[in-house]
Amino acid sequence: MFQPTMLSRPLRRGYVQCTACEHWCAVGPGEAGKCGVRRNIDGALRLVVYGKAVAVHVDPVEKKPLNHFLPGSKIFSIGTFGCNLRCAWCQNWEISQHRAFDPERDDTGASWPPEKIVQFCVQNNIPLIAFTYNEPTVFFEYAYDTARLAHDAGIRSVFVSSGFETVQALDAIAPYLAAINVDLKAFREETYRAYCGARLAPVLRNIRHLVERGVWVEVTTLVIPGLNDGDEELRDIADFLVSVSPDLPWHVTGFTPHYQMRNRPPTPAATLQRAWEIGKAAGLRYVYTGNIWGSPLLAECSDTHCPVCGAKVIERNGYRVRTLWREAGVCPRCGYLLAGVWS
């Protein structure tokens, strides 16, 4: 189904401007925006992957990653073709960067309309839905309609996003969005432009805006050797997050070679430990490492500790979770209520 878009406006000579993300694509007749899935058909911008999914899984919520949002919960995860960024290290590049499909041939994925997604979650007692695997902003109308239905059914929705949305898009989805993990890829404009085809400033603005709107926000930085792993840059990221809120969880995760960046080594465990230490020293209360399992250096860096007394509150082994509290989100030793969505 070629769904009319909510986020667009007409221009001259049959062009249409997409207002979903900060590229603000002016899309000519018969053409698509940078994402490949928002297409000008007969002078109107339409989403050609509405109701179509190429990736569907039931995951633990920690895989998003979200460590302070209903830990241990199952989350229905869904994605489509298309992305508005061009990250050279993309782990899901087969779907995010795919542009060869022909929307006229209906080969854009399996049929998962919003009603089917919500019904599946209700029947299987799944309390959460994640729009993930590729950038949810590019299939915004699909995510929006699903999130509204889910909200009415008591199911909460999550974005896993690059954070490159327009404020208009964020304000539209915010009433139905319970949480988001924003991928803050670097803290240098040149890195965003050269490796992602995007800009840094809108991402920083959106992190702050989402917190102000009351959406639960966690931030992930994939730490890539020789690209964004310097102490100064990691400190800049941590200082920015503290300026938004010291309660923002920051996930520093290990890189493995993918897509167009196969010539760099994987991230050493020692680098993630250093990033963790930098985040804590900057004043962030919750810093986590990920993507490297079994390292003695990182043994405690994926657990949640009370920022007041240091007691362990949540223990993690990979995606296996054990809560140590007597009351959800409350430190069992000193009674401090940790920041997060716990019930």
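Residues numbered from 1 in each chain as written. Predicted model: local features only at pLDDT ≥ 70, side-chain atom pairs only at ≥ 80, totals over all residues. Heavy atoms only, no water.

**Digging into the overall build of the chain**
Test applied: Secondary structure is summarised from DSSP: a helix means a run of H or I of at least four residues, a strand means a run of E of at least two, and numbering begins at the N terminus for each. The reference for a compact globule is 2.2 Å times residues^0.38; the radius of gyration itself is calculated from the C-alpha atoms. Throughout, exposure labels follow a simple rule: accessible area from a 1.4 Å probe, protein chains only, divided by the maximum for the residue type, with under 20% read as buried, over 50% as exposed, and the rest as partly exposed. Note on areas: Shrake-Rupley, 1.4 Å probe, and residue coverage restricted to the protein chains presented here. In this tally, Lys and Arg are treated as positive and Asp and Glu as negative; His is ignored, and so are the chain termini. Charged groups are reduced to one reference atom each: NZ for lysine, CZ for arginine, CG for aspartic acid, CD for glutamic acid.
A count of helices and strands for the chain gives eight helices and 19 strands. Rg of the C-alpha trace for the chain: 20 Å, near the compact-globule value of 20 Å for 343 residues, within the 12% margin. By principal-axis analysis of the C-alpha atoms, the chain measures approximately 65 × 45 × 35 Å. Within the chain, buried positions represent 56% of all 343 residues. Roughly 14000 Å² of accessible area belongs to the chain as shown, and the carbon and sulfur atoms make up 49% of that amount. In the chain, the 36 positive side-chain charges and the 34 negative ones have mean positions that sit 1 Å from each other.

**What to know about the sheet that holds strand 19 (residues 320–323)**
Rules: When DSSP finds at least two bridges between two strands, those strands are taken to pair.
Taking strand neighbours across the sheet as the criterion, the three strands line up as 17-18-19 in an open arrangement whose pairing is antiparallel. The outermost strands of the open sheet, each flanked by one partner alone, are strand 17 (304–305) and strand 19. Where strand 17 meets strand 18 (residues 312–317), two bridges bridge the pair, whose relative direction is antiparallel. Its bridge partner being in strand 18, Thr304 is matched across the sheet by Ile314.

**A look at the pattern of salt bridges**
Short version of the rule: Whenever Lys or Arg places a side-chain nitrogen within 4 Å of a carboxyl oxygen from Asp or Glu, that contact is recorded as a salt bridge.
Considering all chains together, one arrives at 15 salt bridges under this definition. Between Arg213 and Asp171 there is a salt bridge, and its shortest N-O distance comes to 2.9 Å. Of this pair, Arg213 sits in helix 6 (residues 201–213) while Asp171 sits in helix 4 (residues 167–173); the two residues are 42 residues apart in sequence, bridging distant segments of the chain. Exposure remark for Asp171: the relative accessible area of 30% places this residue in the partly exposed category. In this structure, the salt-bridge partner of Asp231 is Arg274, at a minimum N-O distance of 2.3 Å. Taken as a pair, Asp231 in helix 7 (residues 231–244) and Arg274 in helix 8 (residues 269–282) lie far apart in primary sequence, 43 residues in all. For Arg274, a relative accessible area of 25% puts it in the partly exposed group. Connected via shared salt-bridge partners are Glu300, Asp303, Lys312, Glu315 and Arg322.

**Describing the environment of Arg322**
Let me state the cut-off plainly: By definition in these notes, contact holds between two residues if any of their heavy atoms fall within 4.5 Å.
For Arg322, the location among the structural elements is in strand 19. Sequence separation between Arg322 and Gly72 is 250 residues, and the spatial gap between their C-alpha atoms is 8.0 Å. Among residues more than four places away in sequence, those in contact with Arg322 are Val313, Ile314 and Glu315.

**Here we look at the nonpolar core**
The following threshold applies: Take the buried residues of types Ala, Val, Leu, Ile, Met, Phe, Trp, Tyr and Cys, join any two whose side-chain atoms come within 4.5 Å, and each joined set is a nonpolar core.
Of all hydrophobic cores here, the largest spans 88 residues; its most connected members are Trp89, Tyr142, Leu184 and Trp250. Beyond its immediate sequence surroundings of up to four residues, Trp250 is in contact with Val219, Thr221, Leu234, Ile237, Ala238, Leu241, Ala275, Gly279, Leu284, Tyr286, Val287 and Tyr288. Ranked by size, the runner-up nonpolar core spans 22 residues in total, among them Val61, Leu66, Leu70 and Val341.

**Notes on the packing of aromatic side chains**
Threshold: What counts as a ring pair is set by centres within 6.5 Å for rings of Phe, Tyr and Trp (its six-membered ring), and what kind of pair is set by the plane angle: stacked under 30 degrees, edge-to-face over 60, tilted for all other angles.
Per the counting criterion, the structure on display carries 14 aromatic pairs. With a centroid separation of 5.1 Å and an interplanar angle of 15°, the aromatic rings of Trp93 and Tyr259 are classed as stacked. With a gap of 166 residues between them, Trp93 in helix 1 (residues 93–96) and Tyr259 in the loop between strand 15 (250–254) and helix 8 connect regions that are remote in the sequence. Aromatic side chains Tyr144 and Tyr176 sit 5.7 Å apart centroid to centroid with 90° between the ring planes, which places their arrangement in the edge-to-face category.

**A closer look at the sheet that holds strand 8 (residues 55–60)**
Short version of the rule: Axes here refer to lines fitted to C-alpha atoms; in helices the fit is confined to the stretch in contact. Angles between the N-to-C directions go from 0 to 180 degrees.
Across the sheet, eight strands lie side by side as 8-9-11-12-13-14-15-16; this open sheet has mixed pairing. The open sheet terminates on both sides in strands that have one partner only, identified here as strand 8 and strand 16 (287–290). With direction set aside, neighbouring strand axes in the sheet form an average angle of 20°. As judged from the four bridges shared by strand 9 (residues 74–79) and strand 11 (residues 128–131), these two strands associate in the parallel manner. Looking at the pairing, Ile75 lines up with Leu128 of strand 11. Of the strands in this sheet, strand 13 (179–183) and strand 14 (216–223) are in contact with helix 6, which crosses strand 13 at around 160°.

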